[in-house]
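Breakdown of the fold
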Amino acid sequence: MAREWWRDAVFYEIYVRSFADSDGDGVGDLAGITGRLPYLHELGVDAIWLTPFYPSPGVDHGYDVSDYVDVDPMFGTLDDFDALAAAAHQLGIRVIVDIVPNHTSDRHPWFTGDRSRYVTVPSANGVPNNWPSNWGGSAWTLDEERGHYYLHLFAPQQPDLDWHCSAVRSDFEDILRFWLDRGVDGFRIDVAHGLVKDATLADEPEPLPAVRLSSDWRRAIDQPEVHDVYRDWHRLAAAYPGDRVLVGEVVFSDPRRVAPYLRPDELHLAFNFSLVFQPWDADAIRDSIDASLAALPIVTWVLENHDVERIATRFGPREARAAALLLLALPGPVFLYEGQELGLPEVDLPDAARQDPIFHRTHGERVGRDGCRVPLPWTRDLPTRSWLPQPPGWGELSVEAQSSDGTSMLSLYRHAIALRPHGSFSWRDAPRGVLAFDRDGLTCVVNVSGDELPVGEVVLASEEIRTTLPAGAAAWIRA
Ligand code: NOJ
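Residues numbered from 1 in each chain as written. Predicted model: local features only at pLDDT ≥ 70, side-chain atom pairs only at ≥ 80, totals over all residues. Heavy atoms only, no water.

**Considering the pattern of salt bridges**
Within this structure, the stated rule accounts for 32 salt bridges. One salt bridge connects Asp143 with Arg115, and the closest N-O pair in it is separated by 2.8 Å. Of this pair, Asp143 sits in strand S5 (residues 140-143) while Arg115 sits in the loop between helix H4 (109-112) and strand S4 (120-122), placing them 28 residues apart in sequence. For Glu304, the salt bridge is made with Arg310, and the minimal N-O distance between the two is 2.8 Å. The network of salt bridges with common partners includes Asp60, Asp307, Asp356, Arg369 and Arg373. (Salt bridge = Lys/Arg side-chain N within 4 Å of Asp/Glu carboxyl O. Helix = DSSP H or I, 4+ residues; strand = E, 2+ residues; numbered from the N terminus.)

Take a look at the structure:
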């Protein structure tokens, strides 16, 4: 049997609002993506992941869905989606869409209606338990009129569905079929570890601080029955030709808690966020790679997404280039986030421009995620409208500015994707502060913080190097 396409794919995450705007309203849209597919083809990615583009009040920018089987007019129409999928497939680019099954929008007819599909508790006995919302405050909101509390692991406008309810399960199977029938190559599953809650609604053992994405909760998430859902979805997807893929957003600080989601009859892939949480430190990075490889049957590699700080800021601009060569030399599927290939930094937006509910719910204590969501600069001259303001100098980072510059970050990504090594992975002995490993015929050397070291025949380097590799640089060397 041929190896499934996703085992070694480069996925590219498109945050739809911020990718490409075809009608000049300052918000990206589906037609904008279709128009930029040749760019993605030239970059060399195998698949795109589209963040939610379904009708939504937009409290969490699409992660609050009010209709799972349509397109928000802000982004286009179902015909635009079909045109995008067809054009992508023509270029050999697969398309996966985001499915948000943990919660809906509070404007979804299931919630404005009888709420039988949600986790609600009569209000007589007060707040049901000590579960916190991921974004500050309690996970329960009192609806006085209806006389109940309803659960929301995120914003109050994102009520959690009750996955013990059989109607929820069958509705979502219909939703998956709707998109599979339209030709999607798979799904990215939002909060995949969170769907099923402890049916007794028992307290978390210790009062938990609200944590960002890495979560060590025990009762509110990660319940055994969630695996039945993925067994059903696995069977459902397998009935379609072409190796449709299920990618779970399964967030635990310990990769061993992710492993059960990747059993052969469950999810095909799960994001491995361990590198997202590492500092630019050789030991920390190596330990995180080793822990992931030891714990998981297939490891995905991620440095950025629409929820975390950009690496050009987190690691530094030079280090972000070195990190690109590390990332694209690791064994297994890689997920890139739009703009990572341009080396975009995190933008420090004025408070008045910030839109993320995290910023507002924590009264500014956490700045939130707007800084990594500023629309992509395509041209040196920036558009007049942009839903988050593009900072001065942004045009110099544009695709137009970088395309013809052989030394740009964009050129580095294009080359690295084209030359990406395959085959088995093994560490090499390396001096302190340096990471070195072999893949077929290539050695990847990342000088994180070590002494300058001599290197052999360079195939690709993160910066111009002569005979030695300084700290903050990386190179692929002919083995
Ligand atoms: C994870 C998504 O990546 C994030 O953007 C969203 O806010 C939450 N899930 C809630 O849906």
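**Describing the environment of Ser408**
Its place among the elements puts Ser408 in the loop between helix H11 (399-403) and helix H12 (409-419). Sequence-wise, Ser408 and Ser462 are 54 residues apart; in three dimensions their C-alpha atoms are separated by 9.8 Å. Filtering out sequence-adjacent residues up to four positions away, Ser408 remains in contact with Arg321 and Gln402. Of note is the side chain of Ser408, whose polar atom sits 2.9 Å from the backbone oxygen of Asp405. A polar contact is formed between the side chain of Ser408 and the backbone nitrogen of Ser411, at a distance of 3.1 Å. (Contact = heavy atoms within 4.5 Å. Polar contact = N/O pair within 3.5 Å; in protein donor to acceptor, adjacent residues only side chain to side chain.)

**Some thoughts on the packing of helix H9 (residues 317-327) against H12**
Packing of H9 against H12 brings their axes to within 10 Å, and their N-to-C directions diverge by 10°. As summarised for this structure, H9 and H12 are arranged roughly parallel, according to the angle between their axes. Only Met409, Leu412, Tyr413 and Ala416 of H12 make contact with H9, whose side of the interface consists of Ala320, Arg321, Ala324 and Leu325. Across the contact of H9 with H12, the residue classes tally to 7 nonpolar, no polar and 1 charged. (Axes fitted to C-alpha atoms, helices over the stretch in contact; angles between N-to-C directions. Parallel < 35°, antiparallel > 145°, perpendicular 65-115°, else oblique. Nonpolar A, V, L, I, M, F, W, Y, C, P; charged D, E, K, R; others polar.)

**As for the site of the ligand**
Within the structure, the ligand sits among 13 residues, and Asp60, His103, Asp190, His306 and Asp307 are positioned closest to it. Asp307 is positioned such that a nitrogen or oxygen atom in its side chain is 2.5 Å from an oxygen atom of the ligand. Residue Arg369 places a side-chain N or O atom 3.0 Å away from an oxygen atom belonging to the ligand. Surface burial for the ligand is 99%, taken as the share of its 290 Å² of free accessible area covered by protein chains. Per-class residue counts for the shell around the ligand are 4 nonpolar, 2 polar and 7 charged. (Near = heavy atom within 4 Å. Areas by Shrake-Rupley, 256 points an atom, 1.4 Å probe, with all protein chains shown as cover.)

**A word on the pairing of strand S13 (residues 434-439)**
Buried residues dominate S13, accounting for 6 of its 6 residues. By the alternation rule, side chains of S13 split into Val434, Ala436 and Asp438 and Leu435, Phe437 and Arg439, which are all buried. Where strand S12 (residues 426-427) lies against S13, 2 bridges are found, and the strand directions are antiparallel. By the bridge assignment, Trp427 is partnered in S13 with Phe437. Here S12 folds back onto S13 in antiparallel fashion, the turn holding 6 residues, of which Gly433 has a positive phi close to 80°. As paired strands, S13 and strand S14 (residues 442-447) are joined by 6 bridges and run antiparallel to one another. In the sheet register, Leu435 faces S14, and the bridge partner there is Val446. The turn joining S13 and S14, which pair antiparallel and follow one another in sequence, is formed by 2 residues; a positive phi near 80° is taken by Gly441. (Buried < 20%, exposed > 50% of the residue type's maximum accessible area, 1.4 Å probe, protein only. Pairing = 2+ DSSP bridges.)

**Considerations on helix H7 (residues 282-295)**
The first and last C-alpha atoms of H7 sit 20 Å apart over 14 residues, in line with the 20 Å expected at 1.5 Å per residue. Within the span of H7, buried status applies to Ala282, Ala284, Ile285, Ser288, Ile289, Ser292 and Ala295. Contacts made by the buried residues of H7 are with strand S10 (301-302), H9, S12 and S13. (Expected span 1.5 Å × (residues − 1).)

Purely geometric numbers; function is a separate question.
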